[in-house]
Amino acid sequence: MNDVIIIGAGPAGAAAALTLCAHGRSVLVIAGEHRDSGLFKAKRIDNYPGMPGVSGAELLSLIDAQLAACGAQIVRGVAVSAAKLKSSLMVSVGADAYSARALILAVGAVRGAAFPGEEQLLGRGVSYCAVCDGAFYKGKRVVVLAMRSNAEDEAETLRRLGCLVTVVEPKGKSIKLEGESRLRAVQVDDDTLEAECAFILRPAVAPDSLLPGLALADGAIQTDRACRTNIDAVYAAGDCAGKPLQIAKAVGDGLIAAFSVNDALSSS
């Protein structure tokens, strides 16, 4: 079991990982695709001290190299669920599960509200993970709502598993998930696509869907000054913890969260 799992490898997650590794903690970082982040798309950053004119892609590349050298274990993928157990936390990435004594959420600003019907049908024909649940739908019609850069790869995985796949890019479309006890169809504008599962592939799962019971305030994770959330041993840092959505603030949050985690682990 790791000391700490950090979900997110942007400025907040990286600052937390570097600090915790410097304290000798075992750290696992779950890193999604940088291409899906708003920072990656920034052509020029002029308000981060000491690095004028750097692009978002360049900054993230430097962060990757620094993380690789610090001793943290890096897992590439999207965290699809987390759970608080009696004395640990469990995080699922695809079909794999990882445990730790503490969890830092540094998932960035997760954009986009849930689709109509999504929350009601989650686990009843709505899934966030093709690898986890695809085998249950062999020979059945599924819809992939593709919102992250590797969504087509996951759609191809479903095809190899024998699913009958329709890929939809939701941008600019009206999406509604229909069904009562189970999903039966996905409404896309005026078209009705019959389906037994909708795989919703966002760049990151919304924090309160990732970890049920997590308190939010104005759409952000609610934290105190030590970056603690309402769930014991769970912390949040960076854009997911609210404004201002700035790199400097994210780095500061990551540092504070790391010190809070280290203090808590030392006293437990």
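Anything mentioned here points back to the structure above.
Cut-off values and rules
Residues numbered from 1 in each chain as written. Predicted model: local features only at pLDDT ≥ 70, side-chain atom pairs only at ≥ 80, totals over all residues. Heavy atoms only, no water. Core = buried A, V, L, I, M, F, W, Y, C linked by side-chain atoms within 4.5 Å. Buried < 20%, exposed > 50% of the residue type's maximum accessible area, 1.4 Å probe, protein only. Helix = DSSP H or I, 4+ residues; strand = E, 2+ residues; numbered from the N terminus. Contact = heavy atoms within 4.5 Å. Axes fitted to C-alpha atoms, helices over the stretch in contact; angles between N-to-C directions. Parallel < 35°, antiparallel > 145°, perpendicular 65-115°, else oblique. Left-handed = near helix turned anticlockwise from the far one by under 90°. Nonpolar A, V, L, I, M, F, W, Y, C, P; charged D, E, K, R; others polar.

Core analysis: the largest hydrophobic core is formed by 43 residues, its most contacted members being Ile 5, Ile 7, Val 91, Leu 103, Leu 105 and Leu 177. The leading source of residues in this core is strand β6 (residues 96–105), at four residues. Residues in contact with Ile 7, not counting those within four places in the same chain, are Ile 30, Ala 79, Val 91, Leu 103, Ile 104, Leu 105, Ala 106, Val 107 and Leu 210. Of all hydrophobic cores here, the second largest spans 32 residues; its members include Val 27, Leu 39, Ala 102 and Cys 227.

Along the chain, Ile 30 turns up in strand β2 (residues 27–31). Judged by its relative accessible area of 2%, Ile 30 falls in the buried class. The spacing of Ile 30 and Val 91 is 61 residues in sequence and 9.4 Å in space, taken between C-alpha atoms. Residue contacts for Ile 30: discarding those within four places in its chain leaves Ile 5, Ile 6, Ile 7, Gly 8, Ala 9, Val 75, Gly 77, Ala 79, Val 91 and Val 93.

The next point concerns the packing of helix α1 (residues 11–22) against helix α2 (residues 56–70). Interaxial distance between α1 and α2 falls to 10 Å at its minimum, and their mutual angle equals 25°. Relative to α2, the element α1 is oriented roughly parallel. Along this stretch, α1 crosses α2, giving a crossing that reads as left-handed. Where α1 abuts α2, its residues Pro 11, Ala 14, Ala 17, Leu 18 and Cys 21 lie against Ile 63, Gln 66, Leu 67 and Cys 70. Counted by class, the contact of α1 with α2 contains eight nonpolar, one polar and no charged residues.

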